[in-house]
Amino acid sequence: MNFKASVLTLYPDMFPGPLGQALSGRALERGIWDLETVQIRDFATDKHRSVDDTPAGGGAGMVLRADILARALDESLSVSDPRPRFLMSPRGRPFTQSEAHDLASGPGAVIVCGRFEGVDQRVIDARGLQEISVGDYILSGGELAAMVMLDAVIRLLPGVMGNQESGETESFEAGLLEHPHYTRPAVFEGRTIPDVLTSGNHKKIHEWRMAEAERLTRARRPDLWAEYMKEDDVD
Ligand code: SAH
């Protein structure tokens, strides 16, 4: 069965957007994944089709109503739908490469995109939405976050990436950032390519790349480096 993404949003026209181009776009055309958008506003009940209201307790902004979002979920999904349900949220657990792998091996994902100040807590609880964040910054809505998450998953689906190996040395896959890359020309503005990479010695090349990956990870991401050192001790 193919990976199916259902996205609940107030801005369905934003999709597929960038996901309709390049690698993910070709995969969409080839039917490797499937995209459905659900307009949350279609489930509003009043004549103004309003979906938000003022926050209980006061304060700035508006809150997406629980009853309307619940109806959108209930009426657009079957009760036996096995897909995990997510709410994009800066409060959520951080999305990671390992979660991208987990999702890529499953049936798909249901993704709710928040807007305004956020979503009424009761629908998050009542429908068991898993809150997922794409980083420690605030976006104006969940749509770009959903696209980030989907893009990371789609490129891992079987048949999407041509060169399987390019996936395996990627940053985060081995708990390290990736080594630097070089290609022709041999000299660019007086800068050369490290000799080892043109030596043809594959063992040396592998060692150099590994050393660079470790150096960069240690310098730039002490958090990843600490994890990596811990795992090393276990082996
Ligand atoms: N008041 C909220 C932010 C609301 S931003 C707070 O302080 O936590 C509006 C919507 O954008 C959110 O409901 C969420 O769906 C989305 N969003 C914003 N930043 C995000 C992030 N870093 N990761 C995932 N979704 C995000």
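Residues numbered from 1 in each chain as written. Predicted model: local features only at pLDDT ≥ 70, side-chain atom pairs only at ≥ 80, totals over all residues. Heavy atoms only, no water.

1. Thoughts on the overall build of the chain
Each helix and strand counted, the chain has 8 helices and 10 strands in total. With the principal axes as the frame, the chain shows a C-alpha extent of 70 × 40 × 40 Å. When each of the 235 residues of the chain is scored for burial, the buried share is 41%. Within the chain, contacts between residues separated by at least 24 positions form 74% of all contacts whose residues are at least 6 apart in sequence. In the chain, which carries 26 positive and 37 negative side-chain charges, the distance between the mean positions of the two groups comes to 3 Å. (Helix = DSSP H or I, 4+ residues; strand = E, 2+ residues; numbered from the N terminus. Buried < 20%, exposed > 50% of the residue type's maximum accessible area, 1.4 Å probe, protein only. Contact = heavy atoms within 4.5 Å. Lys, Arg positive; Asp, Glu negative; His and termini not counted. Charge placed at Lys NZ, Arg CZ, Asp CG, Glu CD.)

2. Quick notes on the pattern of salt bridges
The final tally for this structure, using the stated rule, is 14 salt bridges. One salt bridge connects D42 with R49, and the closest N-O pair in it is separated by 3.1 Å. In this structure, the salt-bridge partner of D120 is R122, at a minimum N-O distance of 2.7 Å. (Salt bridge = Lys/Arg side-chain N within 4 Å of Asp/Glu carboxyl O.)

3. Some details on helix 1 (residues 22-29)
Within the span of helix 1, buried status applies to S24, G25 and A27. Projected onto a plane normal to the axis of helix 1, the buried residues spread over an arc of 160 degrees and lie on a single side. Of the exposed residues in helix 1, the ones pointing more than 90 degrees away from its buried face are A22 and E29. Contacts made by the buried residues of helix 1 are with strand 2 (33-39) and helix 5 (142-154). (Arc of directions from axis to C-beta.)

4. Examining the site of the ligand
Residues in close proximity to the ligand total 19 residues, the closest being M88, G114, E117, G135 and Y137. Separating a nitrogen atom of the ligand from a backbone N or O atom of Y137 is a distance of 2.9 Å. Calculation on the ligand without its partners gives an accessible area of 560 Å², and the protein chains cover 85% of this total. Element by element, the count of residues in the shell around the ligand is highest for strand 5 (residues 85-94), at 3 residues. When grouped by side-chain class, the residues that make up the shell around the ligand number 9 nonpolar, 8 polar and 2 charged. (Near = heavy atom within 4 Å. Polar contact = N/O pair within 3.5 Å; in protein donor to acceptor, adjacent residues only side chain to side chain. Areas by Shrake-Rupley, 256 points an atom, 1.4 Å probe, with all protein chains shown as cover. Nonpolar A, V, L, I, M, F, W, Y, C, P; charged D, E, K, R; others polar.)

5. Let's talk about the sheet that holds strand 8 (residues 130-133)
Here we have 5 strands laid out as an open sheet, ordered 2-1-6-5-8, and parallel in their pairing. Two strands in the sheet have a free side with no partner beyond their single neighbour: strand 2 and strand 8. Across the sheet, the axes of successive neighbouring strands diverge by a mean angle of 35 degrees, strand direction being ignored. In this sheet, strand 8 lies alongside strand 5 in parallel orientation, the contact comprising 5 bridges. Within strand 8, the residue paired with R93 across the bridge is I132. Against the sheet, helix 3 (residues 97-104) makes contact with strand 1 (3-9), strand 5, strand 6 (108-112) and strand 8, and its axis sits at roughly 170 degrees relative to strand 5, the strand it touches most. (Pairing = 2+ DSSP bridges. Axes fitted to C-alpha atoms, helices over the stretch in contact; angles between N-to-C directions.)

6. Details of the domain arrangement of the chain
For the chain, the domain assignment lists domain 1 (3-154) and domain 2 (169-234). Each of domain 1 and domain 2 has a C-alpha centre, and the two are 36 Å apart. (Domains from an automatic or database assignment.)

7. Focus on helix 3
Given 3.6 residues to a turn, an α-helix orients residues that are three or four positions apart in the same direction. For helix 3, the full list of buried residues reads Q97, E99, A100, L103 and A104. Taken around the axis of helix 3, the buried residues stretch over an arc of 155 degrees, which confines them to a single face.

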